Amino acid sequence: MTNRTALPFKAVVLTFLILSALKYLLIPTYRSTDFDVHRNWLAITHHLQIWEWYFDDVDGRTVHTLDYPPLFAFFESFLSNNYVTGALLRSGWL
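Below or above, wherever it landed, is the structure these notes cover. Here the structure is a predicted model, which means the values were calculated and not measured.

Calculation criteria
Residues numbered from 1 in each chain as written. Predicted model: local features only at pLDDT ≥ 70, side-chain atom pairs only at ≥ 80, totals over all residues. Heavy atoms only, no water. Helix = DSSP H or I, 4+ residues; strand = E, 2+ residues; numbered from the N terminus. Buried < 20%, exposed > 50% of the residue type's maximum accessible area, 1.4 Å probe, protein only. Areas by Shrake-Rupley, 256 points an atom, 1.4 Å probe, with all protein chains shown as cover. Patch = residues over 30% accessible without salt bridge, like charges linked within 9 Å, V, L, I, M, F, W, Y side chains within 5 Å. Salt bridge = Lys/Arg side-chain N within 4 Å of Asp/Glu carboxyl O. Core = buried A, V, L, I, M, F, W, Y, C linked by side-chain atoms within 4.5 Å.

Section: the overall build of the chain
Along the chain, the regular secondary structure elements total 4 helices and 0 strands. In the chain, which comprises 94 residues, the share counted as buried stands at 14%. Total accessible area on the chain is roughly 8500 Å²; 68% of this is exposed by carbon and sulfur atoms.

Focus on a nonpolar patch on the surface
A cluster of nonpolar side chains, namely Tyr83, Val84, Leu88, Leu89, Trp93 and Leu94, defines an oily patch on the protein surface of about 730 Å² accessible area. Looking at Leu89, the relative accessible area reads 37%, which means it is partly exposed.

Regarding the nonpolar core
A general feature of soluble globular proteins is that nonpolar side chains tend to end up buried together. Of all hydrophobic cores here, the largest spans 7 residues; its members are Val37, Trp41, Ile44, Trp53, Tyr54, Phe72 and Ala73. Contributions of two or more residues to this core are made by α2 (34-47) and α3 (70-80). Ranked by residue count, the leading element in this core is α2, at 3 residues.

Right under this line is the structure:
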């Protein structure tokens, strides 16, 4: 006895192709702010001292939120202050 509840192979492939085409068409409309966040934190951790990362220059109050805790900042610091990044900056690639 065959299983009649299983989807036919053609229907699965067609669904996959339709969803893939829809995703491909919507990619240009998506703008992630994650790139901007990482770029900002790379610049902050590369150019500022550790004690300046979470404080603004106006009144010295903390501006850090729970979205980007200190562990994230140390990770970005590692990415922006390692040998490979330094070599790329010196060579003009970044």
